[in-house]
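Spelled out from the first residue to the last, the chains are:
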Amino acid sequence: MRKIASVFLLIGIITTLISGTAQSADKPTVIRIGCTGSNRPIPGNAFGILYQLHLLEEEFKKDGIKVEWNVFKGAGPASNEALANNAVDFVTFGDLPSIIGRAQGKIKLLAIHETRRSAYTIVQPESKAKTIADLKGKKWGVAYGTSGHLYFSKLVDKFGFKESDFKPINFSSGDGKAAFLAKEIEALNVGSEVVDYLALNQGKVIYGTDRAPELKGTAGLVVTEAFAKKYPEITYRFVKTFVRAAKLGSEPANREKTLSLWAATGTPLSTYKKEYANIPLALILDPIPDEYTISHLKDGIKFSKEKGIIRKAFTFEEWYDGSYLNRALKELKLEKYWPASDINGKPTPR
Amino acid sequence: MNKINPIILVLGSLVFSNANLQAAETKVPAPHSAVTIQPTDEENKAENQSDQNLFDSTGLTPGSTPGTKTTTVDTEPVTHADLEGVQTQINILQEQWQRKLDKGTVLSTRNANLSGSFTVNYGFNNGNITSAGVNDGFKAGITSLGFKGNLHRDYEAGKNIDYAFTIGSDKTTFNLLPSDLYLSYQILPSLDPDKPYLYVTVGQQKKPFGLEATTSDDKKPTVTVAQFASTMKLNERDLGLLIHGDLFPVNDYGFKYRVPLIEYNFMVLNGNGPIGTGNLANVDNTEDLLGRFVLNAPVEYNNPLRGLSVGTSFYHGQKTTSITNNNVAVASKGDRNRFGADIAYVNTPIGFTYEYAQAKDPVAITVNKTNVLSATKSDSQTFTLFYNFGEQFVKGFVQQDRYDDWWPTSYQPFFRIDRLTPDTSLRSTHTDVYTLGFNWFFAETTKLQINYNRTLSYVNNNKSSPDNAVVAQFQFGF
């Protein structure tokens, strides 16, 4: 028995020492970021600016803190898996995966990463379907666990249908595109890349967020509660740098350049130009939760609970910690920089 | 005991190297003060201007590594000549690809995924016991080469037909023999993860008995398999038909995690072991039966009970044993039964497995100078405890978009106790193998395993001198 006890003791010592190398007591040796790319391992939106301008690397260089970017192929579900396994500290992902992540884990919403994320339902060019009702019993590609899932669920609900009235097939975005182009499925949910399908006559839109703005998506910036609690100042500096990036992208004078930076994700520049035509980028990059984004996220939480997507409900107030963002806005004197929107997305005084 | 020293040294050096790392980290300057210092307007303006300057000087360089210089983007409108240039480039690329496809590409009528694995190890021991399977010197381990793929993809319902064709080396002669040879059909629709799955697989395949026998080599922490898996012939493949499926699945979309409450397996098999020389058909004309049931914790991904399962397995077959009476050898069939129970908790970062297996085999014994058929019962218990450092087993994390050949380096220390009692009527005679090991995953499909095995053999409670063996093994695949 003494020998067995010695073995366990040795394993315990090794375990303790190896785990101790991950982070020292005062500050992390590395900040681990999780995000999703498009066609290339490069994030978009404010994270895209942070990544390509190396703002975080510069911010933490003087402290000897490395910044590690993890661009997940598996989108929101992969981000949640990484959070659950303590493999990342900060993550930006869509509304539904972040809601699921909060329902099961300990993460705090720090800021908004993207608002008004559009979504469209396209069908085959030769399809006779013209309405959502025409898709009953048809195969429909849906990326479950992503913001596209919430769009799909709310869309069928809006028209009084059940998901089982259709044949939803769970595809990642890449696989869904392949199946749609191979004409194996009738319909597919897509985002801003809809313009590519239309330009190449590979699909036609039968519904989208241009007709139902309430179905538009929102993405958030979250941090693990453990990291924020252990390193509050590092968390603040991260948020402040994030706000600086959002500000750069929101400047009207920087619009062309910002879209060019986003095109590095692999989504063509022309796609971004069409998608955001007549939309100020400040509306997309506004990091401050306003009535529009808050109501969207609250609605997402309620809807997810009602549909059984999450088992445990929570309130937006329990999830959101605005202390870091408010401090950053105050220090950068940007409290009133971004225009606020009301519950319907219309401009309102902040 | 002197030969234990190398592994202690290896583990010790890991301990000290990590301690040094920690010490180095603590030399980093202290973090920012918690006191908030408001920047002045001038500082803000300077910072804003600095950001803008940086923004203006940065351009589009896909794949640039943070910290490196980037180039400015030309945002001039595209001309007709530019477009023609792009078209020419695409045409050249297309021709190059076509030439490559025609000349230098292996083609297949259907989807085929080529894979293989190989192990090479070095071991040494200080005893005479070879039960741990360790001899001094280098040794080539199991080698496999195979194809797996899809023969029919059903986009409508996911009732796909898949195949596997794998050859592997024989442990002793290194002859290549068929390993996995089967067709698999998904009977129930498989596109809806909220619904149960059901498969039928026919051909040569693994026997779904317990944990040790069914876990693939790349998932096993140890270099050598548990004693019972080979002595009870549970880790060898066999020809047969397997029905396997699940019931009452819990599907956690937010984590892409699906776990069924119940998993079941029924198999009818020859019971002769894998196809080899002279083993192409059922020699005893009777089929064996195998069943396995598993209850999984029906929880979401982030639940601490994720990965908890209890299972039970049974095997009923017959074995022909030769009985000699009056100098005449007579073949006689006897029952060959197996029973198993197991519990596993495979979570991240910690996990354990415990497995009990019992076997009953026919044996000829002499009673009143007459040989008769009797049975011997043997049993075994195996317990393995492991801890993972790193993201090797976090599926979503390792699937990243990267330009380089990145993989998260991971470490897995583990401990195993393995007891085999060859005759349960003689409990005082048994063999215990204690294994302390360390796995280092340093590339996507490659790991270094270091095992220290201490084998103790007891005969009527008399303990033999212990066998201490160390094995270091590279396992790599593609």
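Residues numbered from 1 in each chain as written. Chains lettered and ligands numbered in written order. Predicted model: local features only at pLDDT ≥ 70, side-chain atom pairs only at ≥ 80, totals over all residues.

Peer 1: Can you break down helix α14 (residues 291-306) of chain A residue by residue, with the values?
Peer 2: Residues and elements named next belong to chain A. Here α14 is 16 residues long and its end C-alpha atoms lie 22 Å apart, about the 22 Å a rise of 1.5 Å per residue gives. Taken together, the buried positions of α14 are Tyr292, Thr293, His296, Leu297, Gly300, Ile301 and Ser304. The buried residues of α14 occupy one face: seen down the axis, they fall within an arc of 165 degrees. Counted as exposed and oriented over 90 degrees from the buried face of α14: Lys302 and Glu306. Along its buried surface, α14 packs onto α5 (95-104), β4 (107-117), α6 (147-158), β10 (217-224), α15 (316-319) and β11 (340-341). A positive backbone phi angle near 80 degrees is found at Gly308, which sits one or two residues after α14. (Helix = DSSP H or I, 4+ residues; strand = E, 2+ residues; numbered from the N terminus. Expected span 1.5 Å × (residues − 1). Buried ≥ 20, exposed ≤ 12 C-beta atoms within 10 Å, placed from the backbone. Arc of directions from axis to C-beta. Contact = placed C-beta atoms within 7 Å.)

Peer 1: Report on the nonpolar core, specifying residues and quantitative values.
Peer 2: Residues A:Leu50, A:Leu110, A:Val239 and A:Phe242 are the most contacted members of the largest nonpolar core, which totals 111 residues. In terms of residue count, helix α10 (residues 232-250) of chain A provides more of this core than any other element does, nine residues in total. Those residues in contact with A:Leu50, other than ones at most four positions away along the chain, are A:Leu55, A:Leu56, A:Thr241, A:Phe242 and A:Ala245. If you look at the next biggest cluster of nonpolar residues, it comprises 16 residues, including B:Met232, B:Leu239, B:Ala357 and B:Ala359. (Core = buried A, V, L, I, M, F, W, Y, C linked by C-beta atoms within 7 Å.)

Peer 1: Before we move on, can you summarise the environment of A:Lys247 with the specific residues and values?
Peer 2: Residue and element names in this part refer to chain A. Along the chain, Lys247 turns up in helix α10. Taking the C-beta count within 10 Å as the criterion, Lys247 has 23 such neighbours and is therefore assigned buried. Considering only alpha carbons, one finds Lys247 and Leu332, 85 residues apart in sequence, at a separation of 10.0 Å. In this view, Lys247 contacts Leu334 and Tyr337; residues no more than four positions away in its chain are not counted.

Peer 1: Just give me the short version of the sheet that holds strand β9 (residues 204-208) of chain A, but keep the residues and values in it.
Peer 2: Residues and elements named next belong to chain A. Read from one edge of the open sheet, five strands run β7-β6-β8-β5-β9, paired in mixed fashion. Of all the strands in the sheet, the pair left with one neighbour each is β7 (167-170) and β9. This sheet shows a mean twist of 30 degrees between the axes of neighbouring strands, independent of strand direction. In this sheet, β9 lies alongside strand β5 (residues 120-123) in antiparallel orientation, the contact comprising four bridges. Paired with Thr121 across the bridge in β9 is Tyr207. (Pairing = 2+ DSSP bridges. Axes fitted to C-alpha atoms, helices over the stretch in contact; angles between N-to-C directions.)

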